[in-house]
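# Overview (structure and organization)
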Amino acid sequence: MIYQKEIRLPSLQRGFHLITPYIEKELDALPEQGILHMFIKHTSAGLAINENADPSVQHDLDVIFNHLVPENRTEYRHTTEGPDDMPAHGKSVLTGPSLIIPITGGRLNLGTWQGIYLCEFRNHGGRRKVVLTVQGE
Amino acid sequence: MIYQKEIRLPSLQRGFHLITPYIEKELDALPEQGILHMFIKHTSAGLAINENADPSVQHDLDVIFNHLVPENRTEYRHTTEGPDDMPAHGKSVLTGPSLIIPITGGRLNLGTWQGIYLCEFRNHGGRRKVVLTVQGE
Amino acid sequence: MIYQKEIRLPSLQRGFHLITPYIEKELDALPEQGILHMFIKHTSAGLAINENADPSVQHDLDVIFNHLVPENRTEYRHTTEGPDDMPAHGKSVLTGPSLIIPITGGRLNLGTWQGIYLCEFRNHGGRRKVVLTVQGE
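Report on the accompanying structure. (Residues numbered from 1 in each chain as written. Chains lettered and ligands numbered in written order. Predicted model: local features only at pLDDT ≥ 70, side-chain atom pairs only at ≥ 80, totals over all residues. Heavy atoms only, no water.)

## What about the interface of chain B and chain A?
Counting residues at the interface gives 34 residues for chain B, matched by 30 residues for chain A. At the boundary of chain B with chain A, total buried surface from both sides reaches about 2,700 Å², with 62% on carbon and sulfur atoms. Taken together, the connections running from chain B to chain A amount to 0 salt bridges. At the surface where chain B touches chain A, the tally comes to 13 residue pairs in polar contact (both at pLDDT 80 or more). When residues of the side of chain B that touches chain A are assigned to their parent elements, the largest contribution, 10 residues, is made by helix α2 (residues 56-68) of chain B. (Contact = heavy atoms within 4.5 Å. Buried area = accessible area lost by both parts, 1.4 Å probe. Salt bridge = Lys/Arg side-chain N within 4 Å of Asp/Glu carboxyl O. Polar contact = N/O pair within 3.5 Å; in protein donor to acceptor, adjacent residues only side chain to side chain. Helix = DSSP H or I, 4+ residues; strand = E, 2+ residues; numbered from the N terminus.)

Rendered as structure tokens:
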């Protein structure tokens, strides 16, 4: 079976956000075994898997990514959309636009401490579109 | 259905290159719903999704990646193939070797501003091999 | 066909480790054409593809990742599990938790120099769980 759906996430502020409950709510009955493919249709936000318990991890990931790709480098040419724009493109290449998550026994087979993150790299990113594709049997 | 094909990209210079038209040309009729898997068979180049409109994004991504993994660190041991080689390995771990792109209505379901990038991290990388696998129905 | 299995890797020290033979040993007969999905069920380790020949690449990737996400930043708040913990979360977002590898002619279709890496970012990570899902025909 294959099942596909395009959703829009709520508008979230710049930073790393746990969206596991939101994604699970959007999914219909899942196969016994399979894969959930997630794909974000944007170039200045990303998807990631990380710690679902302590919110300070989300804060610290923001610190780490701001160090990795600083704003206002004099070498940047793509600057007309604001100082957060080009760094957002760079950060989204680092996280990537997609996730694959195994489905086992009709559920997402995440580890105990794993959650799904929206990585919002723009100051005002708006509602992000994500395509969910489920394959399995 | 499943469909698989190994292609060789043209030889491209060091940097980030839009290859969406090239990939679309290589694909036969796509399923109504499915996934395109892309996998590059190299360890010093990568694949990514990013902005398809302003070429200055490609320039700035090159700037960002050269800052992330500088050449000529005294700590590097893998140096016999030139100063661009080990940084290319590091950068390719950051981008990753693969992409998954949803297929919807017989077309790649990319966002308005999204294009497929070859990330060529070597000075003279040559023609890169990519395996395309389409699954769907 | 779809085939799924959860395995535990041996306990490996902090760093980048080639695990291709270990993964191949765990896989049953593979389809003629398909995809192997690998997913690590942890938030402080990752999976990657890189050079399978010269072990100095593994050393240098460790150097590169330690520069990318340094320990002991005063801005970090998630510090109770030790100085290696928060950087490990950051590094695992950079590598990602998953791989897709094409299967062709009943074998993993890796490039000549490509191997599968466990990226162990904790000082004492223990035995890591990985879900293998094979799809194909």
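Back to the text.
## Structural notes on the relation of the copies chain A and chain C
Superposing chain A onto chain C takes a rotation of 120 degrees plus a shift of 0.0 Å along the axis, which leaves an RMSD of 0.0 Å. Classification of the inter-copy transformation places it as that of a three-fold axis. If distances are taken from each C-alpha of chain A to the rotation axis, the shortest is found for A:Leu94, at 3.4 Å. Of the residues that chain A buries at the interface, just 15% are likewise interface residues in chain C, meaning the two copies contact each other through different surfaces. (Least-squares fit on C-alpha atoms with pLDDT ≥ 70 in both.)

## Some remarks on the environment of A:Gly105
Residues and elements named next belong to chain A. By secondary structure assignment, the location of glycine 105 is in the loop between β5 (98-104) and β6 (107-108). Along the backbone, glycine 105 and glycine 15 are 90 residues apart, and their C-alpha atoms lie at a distance of 32 Å. Once you skip the residues sitting within four places of it in the chain, glycine 105 turns out to touch Pro31 and Glu32.

## Concerning the packing of α2(B) against helix α3 (residues 85-95) of chain B
Residue and element names in this part refer to chain B. Two elements in contact, α2 and α3, have axes whose closest approach is 10 Å; the angle formed by their N-to-C orientations is 115 degrees. Between α2 and α3 lies a crossing of right-handed hand. Each of Phe65, Asn66 and Leu68 in α2 lies in contact with α3, whose residues at this interface are Lys91, Leu94 and Thr95. Considered class by class, the residues forming the contact of α2 with α3 number 3 nonpolar, 2 polar and 1 charged. (Axes fitted to C-alpha atoms, helices over the stretch in contact; angles between N-to-C directions. Left-handed = near helix turned anticlockwise from the far one by under 90°. Nonpolar A, V, L, I, M, F, W, Y, C, P; charged D, E, K, R; others polar.)

## Quick notes on the interface of chain A and chain C
Accessible area lost upon the coming together of the parts serves often as the stated size of an interface. Counting from both sides, the interface comprises 34 residues of chain A and, opposite them, 30 residues of chain C. A combined buried area of about 2,700 Å² lies between chain A and chain C, and 62% of that area is made up of carbon and sulfur atoms. Inspection of the region where chain A meets chain C yields 0 salt bridges. If you list the elements that add at least two residues to the side of chain A that touches chain C, you get β3 (33-40), β4 (45-51), α2 (56-68), α3 (85-95), β5 and β8 (129-136) of chain A. Counting residues per element, the side of chain A that touches chain C draws most heavily on α2(A), which supplies 10 residues.

## Here's the deal with the packing of aromatic side chains
Per the counting criterion, the structure on display carries 12 aromatic pairs over all chains. Seen from their ring centres, B:Phe16 and B:Phe121 are 5.9 Å apart, and the 80 degrees between their planes marks the pair as edge-to-face. Here B:Phe16 is found in strand β2 (residues 15-18), whereas its partner B:Phe121 is found in the loop between β7 (114-120) and β8 (129-136), with 105 residues between them in sequence. Accessibility assignment for this pair places B:Phe16 and B:Phe121 in one class, buried. In textbook terms, an aromatic cluster arises when at least three aromatic residues are bridged by ring pairs, as seen for A:Phe16, A:Phe65, A:Tyr117 and A:Phe121. (Phe/Tyr/Trp six-rings, centres within 6.5 Å; stacked < 30°, edge-to-face > 60°. Buried < 20%, exposed > 50% of the residue type's maximum accessible area, 1.4 Å probe, protein only.)

## Some remarks on helix α2 (residues 56-68) of chain C
For α2(C), which comprises 13 residues, the first-to-last C-alpha distance of 18 Å matches the rise-based estimate of 18 Å (1.5 Å per residue) to within 8%. Every buried residue of α2(C) is listed here: C:Ser56, C:Val57, C:Gln58, C:Asp60, C:Leu61, C:Val63, C:Ile64, C:Phe65 and C:Leu68. (Expected span 1.5 Å × (residues − 1).)

## Structural notes on the side chain of C:Gln58
Take C:Gln58: it is sitting in helix α2. Judged by its relative accessible area of 17%, C:Gln58 is buried.

## Description of the pattern of salt bridges
All names here are of chain B. One pass over the structure, following the stated rule, counts 21 salt bridges over all chains. Lysine 41 is the salt-bridge partner of glutamate 6, the closest N and O atoms lying 3.1 Å from each other. Residue glutamate 6 is located in strand β1 (residues 2-8), and its partner lysine 41 is located in the loop between β3 (33-40) and β4 (45-51); the two are separated by 35 residues in the primary sequence. Arginine 122 is paired through a salt bridge with aspartate 84; the nearest N and O atoms lie 2.8 Å apart. Linking arginine 122 in the loop between β7 and β8 with aspartate 84 in the loop between α2 and α3, this pair joins segments that are 38 residues apart in sequence. Taken individually, arginine 122 and aspartate 84 each receive the classification buried, so the pair is uniform in this respect.

Keep in mind that these numbers describe shape and distance, not what the molecule does.
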